[in-house]
Protein chains: 2
Amino acid sequence: MRFTSAQRLDDGVLEREFTLGEIPGTLWTPESAAPVPLILMAHNNGLPKADPRLVARARYIAARGYAVATIDAAGCGDRPPSAAAEQARADLRRAMRAGEPLDEIFESLVGPLVEGAVPEWRTTLDALLELPGIGGPVGYSGGWTALGIRLAVVEPRIAAAGFFAGGYVPRAQREEARQVTVPLLFLLQWDDEGNPRQRALDLFDAFGSKEKTLHANLGGHTGTPSFELEDGCRFLDRHLK
Amino acid sequence: MRFTSAQRLDDGVLEREFTLGEIPGTLWTPESAAPVPLILMAHNNGLPKADPRLVARARYIAARGYAVATIDAAGCGDRPPSAAAEQARADLRRAMRAGEPLDEIFESLVGPLVEGAVPEWRTTLDALLELPGIGGPVGYSGGWTALGIRLAVVEPRIAAAGFFAGGYVPRAQREEARQVTVPLLFLLQWDDEGNPRQRALDLFDAFGSKEKTLHANLGGHTGTPSFELEDGCRFLDRHLK
């Protein structure tokens, strides 16, 4: 892991860009004498790690006493574009505008992205846990629910998970949701135009976790009230601190 | 309003029993120099105001800086039993054990109870707001969702409402849910044996409030995790303080 830039932000959080082989990432760490837990934060596929909403969430959580890390998925953000992924995303946008069924397009776009991303996140996790000041335990908090499900299933170091939305998740992850057993907070928007409500509720129902909480708020995909960020931190605090 | 007993509890909260005409009630108030908001807290029908779970919630909220009041409904707790209500409750228990449809029994039991309770709660509210140290605004927080809906519709002094469960609510209140416009927090247990999940979700959907949040946790009716009490207070803080 090689750090390529570092800046101390107003809230005392240190923001560092890094590369790990081909993987570009960002790490936010708080000022802390003791080692802090680590949060892996992925965004929904296609959005770069520099997306302002992700950055704002990451900084908020870091200021609460967590190391927060994100990486760009293959074909996204700072990585070379992938013609196949670009085509699949264009197909998805066109189908959404036309009101056509999205399942097969979604499956062909997101299924391979999840498969490709999981080993990269695990490699990143290995490297992050070797850094001084990051002590575990590890949580997942992100809008890329399909990735979070797969990671929570294959990665025993993840001790708690916060998911957002989740109406569209590939078949493989819908099926393995029952294998997720860590405490989880599942956040959804009641009128999320891109995530059918009943599917999200079915996914919440399917998780194998004994401790799982659903938070739903009125409004569309980007309308999550700001107090949910605080609620999300309190969930992480209960399980990781 | 006549106070019949008073005791200062360990957490500094003053617990007073009162009567207002035929209505017996309890009022919990915190140590506070400034006037505090008022929370009306009803329990599901049939349970007395002395029910330990209600008392524990009331004391917790009072210690957070609220006046909290509850009264016994007609035929409940310290009030003379009502033969008709006792019979309806016995019918309900029998039908639940037998797995029979509950709607008509529920309607005939709870419908009249709500109708009778609302004027008593409003009379109590009038009296409470004349006490020194209670400054409004007013919130509703309780497990008797049907009563809370009716009160939120007819009582403009109620500025926020927290409801629990709500799978079984009389037709009249299901219909007037769309007239509820105050911010609300709707709490349900995912596997509540007495409150069908889909009905509770439909009720949440029906509320007219622009700001409404659903919290759902795994488990049965009495399995609500303790952190929801803190979450409920934070909801009240956002809207009443």
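Everything that follows concerns the structure shown earlier in this document.
About the thresholds
Residues numbered from 1 in each chain as written. Chains lettered and ligands numbered in written order. Predicted model: local features only at pLDDT ≥ 70, side-chain atom pairs only at ≥ 80, totals over all residues. Heavy atoms only, no water. Contact = heavy atoms within 4.5 Å. Buried area = accessible area lost by both parts, 1.4 Å probe. Salt bridge = Lys/Arg side-chain N within 4 Å of Asp/Glu carboxyl O. Polar contact = N/O pair within 3.5 Å; in protein donor to acceptor, adjacent residues only side chain to side chain. Helix = DSSP H or I, 4+ residues; strand = E, 2+ residues; numbered from the N terminus. Pairing = 2+ DSSP bridges. Least-squares fit on C-alpha atoms with pLDDT ≥ 70 in both. Expected span 1.5 Å × (residues − 1). Buried < 20%, exposed > 50% of the residue type's maximum accessible area, 1.4 Å probe, protein only. Arc of directions from axis to C-beta. Right-handed = clockwise from strand over helix to strand, strands pointing away.

### Some details on the interface of chain B and chain A
- The interface of chain B with chain A comprises 22 residues on the first partner and 22 residues on the second.
- For the pair chain B and chain A, the two sides together bury roughly 1800 Å², of which 54% comes from carbon and sulfur.
- Taken as a group, Trp 190, Leu 218 and Phe 227 of chain B account for 28% of the area that chain B buries against chain A, more than any other trio of residues on that side.
- Put simply, chain B and chain A have six salt bridges between them.
- Between Arg 234 of chain A and Glu 230 of chain B there is a salt bridge whose closest N-O contact spans 3.8 Å.
- Across the contact surface, chain B and chain A share 13 residue pairs in polar contact (both at pLDDT 80 or more).
- Of all the elements in the fold, those that place two or more residues in the side of chain B that touches chain A are helix 6 (197-206), strand 9 (212-217) and helix 7 (227-240) of chain B.
- The pairing of strand 9 (residues 212-217) of chain A with strand 9 of chain B spans five bridges and is classified as antiparallel. Residue pairing for strand 9 of chain B: Leu 214 of chain A is matched across the bridge by Ala 216 of chain B.

### Notes on the relation of the copies chain B and chain A
- Note on the identical chains: chain B maps onto chain A by a rotation of 180° and an axial translation of 0.0 Å, with an RMSD of 0.0 Å. Read as a symmetry element, the transformation amounts to a two-fold axis. Relative to the rotation axis, the closest C-alpha in chain B is found at His 215 of chain B, a distance of 2.4 Å.
- Of the interface residues in chain B, 100% have counterparts in chain A that sit at the interface too, so the contact is made through matching surfaces.

### As for helix 1 (residues 52-63) of chain A
All names here are of chain A.
- Across its 12 residues, helix 1 extends 16 Å between first and last C-alpha, which sits within 8% of the 16 Å expected from 1.5 Å per residue.
- Looking only at helix 1, the buried set comprises Leu 54, Val 55, Ala 58, Ile 61 and Ala 62. End-on view of helix 1: buried residues confined to an arc of 135°, all on one side of the axis.
- Against the buried residues of helix 1 lie strand 2 (14-20), strand 3 (23-29), strand 4 (36-40), strand 5 (67-71), strand 6 (134-142) and helix 7 (227-240).
- For helix 1, the capping residue at the N-terminal end is Asp 51, with a side-chain oxygen 3.1 Å from the backbone nitrogen of Arg 53.
- With its phi angle positive at about 105°, Gly 65 sits one or two positions after the end of helix 1.

### Observations concerning the pairing of strand 7 (residues 158-164) of chain B
All names here are of chain B.
- Counting buried positions along strand 7 gives six out of seven residues, so the element sits mostly inside the fold.
- Across five bridges, strand 6 (residues 134-142) lies against strand 7 in parallel orientation. Its bridge partner being in strand 7, Ser 141 is matched across the sheet by Gly 162.
- Read as a crossover between parallel neighbours, the route from strand 6 over helix 4 (residues 145-154) to strand 7 is right-handed.
- By the bridge criterion, four bridges tie strand 7 to strand 8 (residues 184-189) in an arrangement that is parallel. Pairing of Gly 162 across the sheet is with Leu 185, part of strand 8.

Shape descriptors only; they carry no functional weight alone.
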